[in-house]
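Report on the structure
Now for the letters of each chain:
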Amino acid sequence: MAKKHNVTIDFIKFIQIEGITAKEFRQSKVHILDYSAVIFTSRNAVDHFFHLAKELRIDIPDDMKYFCISEATAFYLQKYIQYRKRKIFYSKQNFVDLLEIIKKHKEEKYLLPCSDVHKQEITKLLQESNIQYTKAVIYKTLASDLKDINIDKYDLLVFFSPSGVKSLIKNFPDFKQGERLIGAFGPTTTKAVRDAGLTLNINAPTKTAPSMTMAIEEFLEKNNKKK
């Protein structure tokens, strides 16, 4: 896209992930070994779950079942367990599909490791399906320090999570959008942009642009034609 439209693209992390300590986790009164299955919605959840288990000196039993949001997340488990010897289930990058698999194993007691900032619709769907689960916050999403970034040099800012929008406001409290364009991926990010009083110019996914890259290309092509 950069070559095709002669644009410069910078990838900057507006947020950072920080795992909670064993002491913080104990305060939640959640005991990992009370559960027979774990739901993983990201690689971050996998990393922090196993790091926390190590810090707590917990040996995860071989018969623990893992339900993953995608095949990539499932394969990522190989970093911590012997993949072929475990009971692992996964969907096609869609929690609704994963929920259908989970429903076939309703007898399990599920643990949902997540961030302090997570998709509420996931817990809502689990509750509506009468799945026995417990949410466990095992890592935090924090605003990165962006003081060395010249935000005014960018014509377009693209966000993929509400946390990114919050980080923008925290780092640049006097930020004025002006003629700058704003892009957002997903309904919760879109809402966060509007709640911050910003004008949304590019959004995804849509019927014609399932990815943010495609949405930006559509926008560039449309505006280049106007010129």
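No experiment lies behind these values; they were computed from the predicted model shown. (Residues numbered from 1 in each chain as written. Predicted model: local features only at pLDDT ≥ 70, side-chain atom pairs only at ≥ 80, totals over all residues. Heavy atoms only, no water.)

**Considering the sheet that holds strand E7 (residues 156–159)**
So the rule is basically this: Pairing between two strands requires that DSSP report at least two bridges joining them. Runs of E in the DSSP output that reach at least two residues are strands. Runs of H or I that reach at least four are helices, and both are numbered from the N terminus. Where helices are involved, their axes are fitted lines through C-alpha atoms of the stretch in contact, as for all axes, and angles between N-to-C directions lie from 0 to 180°. Residues are treated as being in contact if the distance between any of their heavy atoms lies within 4.5 Å.
Pairing is parallel across the open sheet formed by three strands, whose spatial order is E7-E8-E9. Two strands lie at the open edges of the sheet, namely E7 and strand E9 (202–204), each paired on one side alone. This sheet shows a mean twist of 10° between the axes of neighbouring strands, independent of strand direction. Where E7 meets strand E8 (residues 181–185), four bridges bridge the pair, whose relative direction is parallel. Looking across to E8, one finds that Leu-156 is bridged to Leu-181. Running over the sheet, helix H8 (residues 187–195) touches E7, E8 and E9 and is turned about 145° from E8.

**Here's the deal with the nonpolar core**
Using the following cut-off: By nonpolar core we mean a set of buried residues, namely Ala, Val, Leu, Ile, Met, Phe, Trp, Tyr and Cys, connected to one another through side-chain atoms within 4.5 Å. Accessible area is worked out with a 1.4 Å probe on protein chains only. A residue is then buried under 20% of its type maximum, exposed over 50%, and partly exposed in between.
Judged by nonpolar contacts, the single largest core of 29 residues is most densely connected at Phe-25, Phe-40, Phe-49, Phe-50, Tyr-66 and Leu-77. Among the secondary structure elements, those contributing two or more residues to this core are helix H2 (22–26), strand E2 (37–40), helix H3 (43–55), strand E3 (65–68), helix H4 (71–76) and strand E6 (133–143). If one sorts the elements of this core by residue count, H3 sits on top with six residues. Among all residues touching Phe-50, those that are not within four sequence positions of it are Phe-40, Ile-60, Tyr-66, Leu-77, Tyr-80 and Ile-81.

**Some remarks on the state of the cysteines**
Between two cysteines, a covalent bond joining their sulfur atoms is known as a disulfide. Stated precisely, the cut-off is as follows: Put simply, a disulfide is two cysteine sulfurs that come within 2.5 Å.
Applying the stated criterion across every chain, the model contains zero disulfides. Residue Cys-68 stays outside any disulfide, its sulfur separated by 15 Å from that of Cys-114, the closest cysteine. Here Cys-114 falls in the buried class, since its relative accessible area comes to 5%.

**Notes on the packing of aromatic side chains**
Where we set the bar: Working definition: a ring pair exists when centres of Phe, Tyr or Trp rings (six-membered ring for Trp) sit within 6.5 Å. Plane angles under 30 degrees give stacked, over 60 give edge-to-face, the rest tilted.
Inspection of the entire model under this criterion finds ten aromatic pairs. Geometrically, the ring pair formed by Phe-49 and Phe-50 is edge-to-face, given 5.1 Å between the ring centres and 85° between the ring planes. Owing to a relative accessible area of 10%, Phe-50 belongs among the buried residues under this scheme. Here the aromatic rings of Phe-50 and Tyr-80 are separated by 4.8 Å at their centres, their planes lie at 5°, and the arrangement is stacked. On the criterion of sequence distance, the pair formed by Phe-50 in helix H3 and Tyr-80 in the loop between H4 and strand E4 (87–90) is long-range, its members being 30 residues apart.

**Side note on the sheet that holds E3**
One open sheet holds the six strands; their spatial order is E1-E6-E5-E2-E3-E4, and the pairing between them is mixed. Each of the sheet's edge strands pairs with one partner strand only, and the pair in question is strand E1 (15–19) and E4. Ignoring strand direction, the axes of neighbouring strands in this sheet form an average angle of 25°. In terms of strand pairing, strand E5 (residues 110–115) meets E6 through six bridges, oriented parallel. Bridge pairing in E6 places Ser-115 opposite Tyr-139. Along the sheet, helix H5 (residues 95–103) makes contact with E2, E3, E4 and E5, crossing E3 at roughly 155°. Most of the contacts of helix H7 (residues 162–171) go to E6, to which it runs at about 35°, and overall it touches E1 and E6.

**A look at the confidence of the model for the chain**
Atom-level detail of predicted coordinates should not be read off regions where pLDDT is low. Under the convention used in this document: On a range of 0 to 100, pLDDT expresses the predictor's confidence in each residue.
Taken over all residues, the pLDDT of the chain has a mean of 92, while the share at 70 or more is 98%. Mean pLDDT values over the elements of the chain span from 80, in helix H1 (residues 2–5), up to 97, in E2.

**Describing the pattern of salt bridges**
Between side chains of opposite charge, pairing is possible as soon as their charged atoms come close. We apply this condition: A pair is scored as a salt bridge if a Lys or Arg side-chain nitrogen falls within 4 Å of a carboxyl oxygen belonging to Asp or Glu.
Taken as a whole and judged by the stated rule, the model has ten salt bridges. For Glu-217, the salt bridge is made with Lys-4, and the minimal N-O distance between the two is 3.5 Å. Of the two residues, Glu-217 is situated in helix H9 (residues 212–226) and Lys-4 in helix H1; the sequence distance between them amounts to 213 residues. Overall, the relative accessible area of 56% leaves Lys-4 in the exposed class.

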